Amino acid sequence: MSRSIQRRTFLTATAAAIAATAAGAPPASAAPGLSTASVSTPRSSTRRISTAFELPDDRAYPEGIAADPRTGALYVGSYSTGAVYRAAPGRRAAETFLPPGADGRNTANGLKVDGSGRLWVTDSTAGVAIYDVRTRALLARFDVPGDAPRFVNDLAITADGSAYLTDSVREVVYRVTPAELARAAAHGGRATLTPAYDFGGILAPHPAGTFTLNGIAAGDRCLFTVDMTGGALYRVDLITGRIRQVALHGGDLVNGDGLELVGTTLWAALNRTDTITRWRLSADGAAARLERSLTDPALQIPTTLVRHDGRTLVVRSQFDKGGPMGPGTPETPFTVAWVRGI
């Protein structure tokens, strides 16, 4: 899938999402197990959004972010070049960890660091690459099979070490188990991604060519993933394989990009509307209530977020300023923000 086709697909998806937002229905009443507390929308304030650290490339257009659970280092990927940047704890400037075009990758979407010190980097055009964070060595690559369009977007890692990856075009979630990773690393480092869950026929009807599955987060024996065009959230039971739509109360997830889940609290980045939302999941994960929403142009098209040291870090992509969402000139340096009050 060429970069120009990807960009047209991305623009189509976001246009559909904006239309859906404009025609949004009023929020439903609270579901059993969820209180009806009012949603708080903090006012715009420079005190709420501040720079955590800067990125070194003036054409970075960052998209993904990951925190190393062992060291506290933060990794950010460039959608436009495939570079990966590393910010050490307490540093105000990131360094280049993997250069642009590393190992043939010209884009870096979702990122995660697992408990064994491996950095997973999705390449929307191909699949996922796995690196050793200590040596920066490429350990393995998993490729999407066939020549049909694909857009490998985000990923989550479950407690057993398995990685799950969304494909925004094929509407599937791939899985890579620790055993599959070990086999690939031992036999040439290349393997094929295998779909674990197929959302075809489950997602709401949408125009052909638009993006659907995007952000994904791992819960207790389940996954949550967002349909950025339809605005719905889905729960995948990892034991039974059942996929069910989560009942959202107080809002929707149109333009939903990255997700972050801690316990029963779910954060979502809504890229096109410069919004971060926080939701409270019911105990069974069948429903979620919107607790707080922050919309501010200072978020600069937030693509994803991560909770780190009790605070929320948000990637400011500026995709609408010369990136995949439109022409223009970005503000430099590109930055990752601390966001308070959400």
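Residues numbered from 1 in each chain as written. Predicted model: local features only at pLDDT ≥ 70, side-chain atom pairs only at ≥ 80, totals over all residues. Heavy atoms only, no water.

## Notes on the side chain of Ser282
- Positionally, Ser282 belongs in the loop between strand S21 (275-281) and strand S22 (287-295).
- Residue classification places Ser282 among the buried residues on the basis of a relative accessible area of 7%. (Helix = DSSP H or I, 4+ residues; strand = E, 2+ residues; numbered from the N terminus. Buried < 20%, exposed > 50% of the residue type's maximum accessible area, 1.4 Å probe, protein only.)

## Focus on the packing of aromatic side chains
- Evaluation of the coordinates by the stated rule reveals 6 aromatic pairs.
- Ring geometry for Tyr79 against Phe319: centres 5.4 Å apart, planes inclined by 50°, an arrangement best described as tilted. Of this pair, Tyr79 sits in the loop between strand S3 (74-78) and strand S4 (84-87) while Phe319 sits in the loop between strand S24 (311-316) and strand S25 (335-339), placing them 240 residues apart in sequence. In this structure, Tyr79 and Phe319 share a single accessibility class: buried. (Phe/Tyr/Trp six-rings, centres within 6.5 Å; stacked < 30°, edge-to-face > 60°.)

## Details of the sheet that holds strand S9 (residues 138-143)
- The mixed open sheet is built from 5 strands, whose spatial order is S6-S7-S8-S9-S13. Lying at the two open borders of the sheet, with one neighbouring strand each, are strand S6 (111-113) and strand S13 (190-192). Taken pair by pair, the neighbouring strands of this sheet meet at an average axis angle of 20°, ignoring direction.
- Across 3 bridges, S9 lies against S13 in parallel orientation. Residue Phe142 lies in a different strand from S13, and its bridge partner there is Ala191.
- Set on the sheet, helix H2 (residues 178-186) makes contact with strand S7 (118-123), strand S8 (127-132), S9 and S13; between it and S9 the angle comes to about 110°. (Pairing = 2+ DSSP bridges. Axes fitted to C-alpha atoms, helices over the stretch in contact; angles between N-to-C directions. Contact = heavy atoms within 4.5 Å.)

## A few points about the sheet that holds S4
- Ordered in space as S2-S3-S4-S5, the 4 strands form an open sheet in which the pairing is antiparallel. If you trace the sheet from one side to the other, it starts and ends with strand S2 (62-67) and strand S5 (95-98), each paired once. Pairwise comparison of adjacent strand axes, ignoring direction, gives a mean angle of 30° for this sheet.
- Note that S3 and S4 share 4 bridges and pair antiparallel.

## Looking at the nonpolar core
- Ranked by size, the top nonpolar core spans 26 residues in total, and within it Phe53, Leu55, Ile65, Leu74, Val76, Tyr85 and Leu313 carry the most contacts.
- Elements that contribute at least two residues to this core include exactly strand S1 (49-54), S2, S3, S4, S24 and S25.
- Excluding residues that lie within four positions of it along the chain, Ile65 makes contacts with Tyr75, Val76, Leu111, Thr304, Leu305, Val306, Leu313, Val315 and Val336.
- Val246, Leu253, Leu259 and Trp279 belong to the second-largest nonpolar core, a separate cluster that totals 17 residues. (Core = buried A, V, L, I, M, F, W, Y, C linked by side-chain atoms within 4.5 Å.)

## Quick notes on the pattern of salt bridges
- Overall, the coordinates contain 9 salt bridges when judged by the stated rule.
- Measuring nitrogen to oxygen at the nearest pair gives 3.2 Å for the salt bridge that ties Glu291 to Arg280. Taken together, the residues Glu291 in strand S22 and Arg280 in strand S21 connect sequence positions 11 residues apart.
- Each member of the salt-bridge network shares a partner with another, and the members are Arg278, Arg280, Arg289 and Glu291. (Salt bridge = Lys/Arg side-chain N within 4 Å of Asp/Glu carboxyl O.)

## Structural notes on unusual backbone geometry
- That bond from Thr332 to Pro333 is cis: its omega, 0°, falls within 30 degrees of zero.
- The topology assignment puts Pro333 in the loop between S24 and S25.
- Unlike most non-glycine residues, Arg136 shows phi in positive territory, near 70°.
- Take Arg136: it is sitting in the loop between S8 and S9.

## So, the confidence of the model for the protein
- Residues with a pLDDT of 70 or more make up 87% of the protein, whose mean pLDDT is 89.
- Counted against residues more than four places away or in other chains, residues 1-33, with its pLDDT under 50, gives 56 contacts. (pLDDT = per-residue confidence, 0-100.)

## Digging into the pairing of strand S16 (residues 222-227)
- By the criterion of burial, S16 is predominantly enclosed, with 6 of the 6 residues buried.
- Neither face of S16 is open: one carries Cys222, Phe224 and Val226, the other Leu223, Thr225 and Asp227, and all of them are buried.
- Two elements, strand S15 (residues 213-218) and S16, share 4 bridges in a ladder whose sense is antiparallel. Paired with Ala217 across the bridge in S16 is Phe224.
- The loop that links S15 with its antiparallel partner S16 comprises 3 residues; one of these, Arg221, has a positive phi angle of about 60°.
- Count of turn residues in the S16/strand S17 (residues 232-237) antiparallel hairpin: 4 residues, of which Gly231 carries a positive phi of about 80°.

## With respect to the environment of Gly209
- Mapped onto the fold, Gly209 is located in the loop between strand S14 (194-198) and S15.
- Taking C-alpha positions, Gly209 is 9.9 Å from Arg170, a pair spaced 39 residues apart along the chain.

## Considerations on the side chain of Glu63
- Tracing the backbone through its elements, the reader meets Glu63 in strand S2.
- There is a polar contact of 3.1 Å between the side chain of Glu63 and the side chain of Asn109. (Polar contact = N/O pair within 3.5 Å; in protein donor to acceptor, adjacent residues only side chain to side chain.)

## Side note on the environment of Leu238
- Relative to the assigned elements, Leu238 resides in the loop between S17 and strand S18 (243-249).
- Spatially, the C-alpha atom of Leu238 lies 9.0 Å from that of Asp220, the residues being 18 residues apart in sequence.
- In contact with Leu238, other than residues within four places in its own chain, are Thr158, Tyr164, Tyr197, Arg221, Cys222 and Leu223.

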